[in-house]
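Chain residues, written in single-letter form:
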Amino acid sequence: MVTEQLRRREISDPRVLAAFATIPRDRFVPASLVERAYEDGPLPIGAGQTISQPFVVAITMQALGLVGHEHVLEIGTGSGYAAAILGMLAHDVDSVERIDDLAAAAEATLAELEIRNVRVHRGDGTLGWPPGAPYDAIAVAAGAPAPPPALLAQLALGGRLVVPTGSADWQRLIRITRRSEVDYSEEDLGEVRFVPLVGAQGWPVPSSR
Ligand code: SAH
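Let me sum up the structure you'll find in this document. Here the structure is a predicted model, which is why all the values come from computation and not from measurement.

**Some thoughts on the overall build of the protein**
Part 1 of the argument: For the protein, the helix and strand inventory stands at six helices and nine strands.
Part 2 of the argument: Against the compact-globule benchmark of 17 Å for 209 residues, the protein has a radius of gyration of 16 Å, which places it among compact chains.
Part 3 of the argument: Counting only C-alpha atoms, the protein reaches 45 × 45 × 30 Å along its principal axes.
Part 4 of the argument: Scored against the burial criterion, the 209 residues of the protein give a buried share of 52%.
Part 5 of the argument: The long-range share in the protein, meaning contacts at least 24 apart out of those at least 6 apart in sequence, stands at 53%.
Part 6 of the argument: When the accessible surface of the protein is split by element, carbon and sulfur atoms take 54% of a total near 9200 Å².
Part 7 of the argument: A distance of 2 Å separates the average location of the 18 positive side-chain charges in the protein from that of its 26 negative side-chain charges.

The structure is reproduced here in structure tokens:
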């Protein structure tokens, strides 16, 4: 069970554990992988992308420190799983995905589960989602070469941005808190491995697409 994998490690926020116990991960993986939906690892979701390891999603969620009233931005909707978890933890969620087919599938799954406070948008999430800014919390589900300036700018005062930052293969998961108009503080949450964040303020877009 996903919550057992989380409780044994450093996930202690009861709201985060409850969200993982409630959202059915099997609904967000391809039909051929349903038996593996509760394994402790990422799984392919098509278009060369993955649904993240539950533990890594949980670390991100816990680090965002959500209590329920927050307006949240997620970059990299993928399957929609993390967006659904965010929807339980916060007031409402804007989630941005650059691959149309994934955005459409995620929207369909969220609708089937009657999750109504998550909006999926198509676009380059390295630029954030300006119509919804500022955000109390921003979660990036793909690895960036550096924290995108647009996301730093769209954080509310006191807001938290969790972003994997580093090379295309390995990253450190970083939490950035906006302390004032111009001051940000940064904490390292450990080593992680995400698919690349590609876009204007990320890695170059692969030319094959
Ligand atoms: N949160 C997802 C994990 C998806 S993997 C889940 O729970 O399933 C990361 C996703 O980020 C991929 O779907 C990829 O297409 C997307 N992505 C990469 N760069 C992006 C960008 N610039 N804007 C929006 N989405 C992006």
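**Describing the environment of L110**
Part 1 of the argument: Mapped onto the fold, L110 is located in helix α5 (residues 100-112).
Part 2 of the argument: For L110, a relative accessible area of 3% corresponds to the buried category.
Part 3 of the argument: It is 21 Å that separates the C-alpha atoms of L110 and F55, two residues lying 55 residues apart in sequence.
Part 4 of the argument: Once residues lying within four places of it in the same chain are set aside, the contact partners of L110 are F28, G80, A84, I115, V118 and V120.

**A word on the site of the ligand**
Part 1 of the argument: Around the ligand there are 26 residues in total, and S79, E97, D124, G125 and V198 lie nearest to it.
Part 2 of the argument: Interatomic distance of 2.6 Å between a side-chain N/O atom of E97 and an oxygen atom of the ligand.
Part 3 of the argument: Summarising the interface, the protein chains cover 99% of the accessible area of the ligand, which totals 580 Å² for the free molecule.
Part 4 of the argument: Because more than half of its atoms lie within 2 Å of the grid, the ligand is assigned to the largest pocket.

**Focus: helix α4 (residues 81-89)**
Part 1 of the argument: Among the nine residues of α4, eight are classified as buried, and the element is accordingly described as predominantly covered.
Part 2 of the argument: Taken together, the buried positions of α4 are Y81, A82, A83, A84, I85, L86, G87 and L89.

**Topic: the pattern of salt bridges**
Part 1 of the argument: Following the criterion strictly, the structure yields 12 salt bridges and no others.
Part 2 of the argument: The shortest N-O distance in the salt bridge between R122 and E107 comes to 3.1 Å. Here the residue R122 occupies a position in strand β5 (residues 118-122), and E107 occupies one in helix α5, the gap between them amounting to 15 residues.
Part 3 of the argument: Among the residues examined, E107 registers a relative accessible area of 33% and is labelled partly exposed.
Part 4 of the argument: The salt bridge involving R175 is made with E187; its shortest N-O contact spans 2.7 Å. Taken as a pair, R175 in strand β8 (residues 171-178) and E187 in strand β9 (residues 184-192) lie far apart in primary sequence, 12 residues in all.
Part 5 of the argument: Among the charged side chains, a network of salt bridges with common partners joins D92, D94 and R119.

**With respect to the environment of A21**
Part 1 of the argument: Considering the arrangement of structural elements, one finds A21 in helix α2 (residues 14-22).
Part 2 of the argument: Along the backbone, A21 and E4 are 17 residues apart, and their C-alpha atoms lie at a distance of 9.5 Å.

**A few points about the pairing of β5**
Part 1 of the argument: Taken together, the five bridges between strand β4 (residues 92-97) and β5 define a ladder with parallel strand orientation. Bridged to S95 within β5 is V120.
Part 2 of the argument: Following the backbone out of β4, through α5 and into the adjacent parallel β5, one traces a crossover that is right-handed.

**A closer look at the layout of surface pockets**
Part 1 of the argument: Within this model, the largest pocket holds a volume of roughly 730 Å³.
Part 2 of the argument: As for the largest pocket, its lining consists of 46 residues, of which T50, A141, A142, F194 and V195 are closest to the centre.
Part 3 of the argument: Listing elements by their share of the lining of the largest pocket, those giving two or more residues are β2 (49-51), α3 (54-64), β3 (71-75), α4, β4, β6 (135-140) and β9.
Part 4 of the argument: For the lining of the largest pocket, the class distribution of residues is 25 nonpolar, 14 polar and seven charged.
Part 5 of the argument: For the second largest pocket, the calculated volume is near 160 Å³.

Thresholds, definitions, all that
Residues numbered from 1 in each chain as written. Predicted model: local features only at pLDDT ≥ 70, side-chain atom pairs only at ≥ 80, totals over all residues. Heavy atoms only, no water. Helix = DSSP H or I, 4+ residues; strand = E, 2+ residues; numbered from the N terminus. Rg over C-alpha atoms; globule rule 2.2 N^0.38 Å. Buried < 20%, exposed > 50% of the residue type's maximum accessible area, 1.4 Å probe, protein only. Contact = heavy atoms within 4.5 Å. Areas by Shrake-Rupley, 256 points an atom, 1.4 Å probe, with all protein chains shown as cover. Lys, Arg positive; Asp, Glu negative; His and termini not counted. Charge placed at Lys NZ, Arg CZ, Asp CG, Glu CD. Near = heavy atom within 4 Å. Polar contact = N/O pair within 3.5 Å; in protein donor to acceptor, adjacent residues only side chain to side chain. 1 Å grid on protein atoms, 1.4 Å probe; cavity = no way out; pocket = protein on both sides within 12 Å on 5 of 7 lines; lining within 4 Å. Sits in = over half its atoms within 2 Å of the grid points. Salt bridge = Lys/Arg side-chain N within 4 Å of Asp/Glu carboxyl O. Pairing = 2+ DSSP bridges. Right-handed = clockwise from strand over helix to strand, strands pointing away. Points joined across faces, edges and corners; volume = space filled by probe spheres on them. Nonpolar A, V, L, I, M, F, W, Y, C, P; charged D, E, K, R; others polar.

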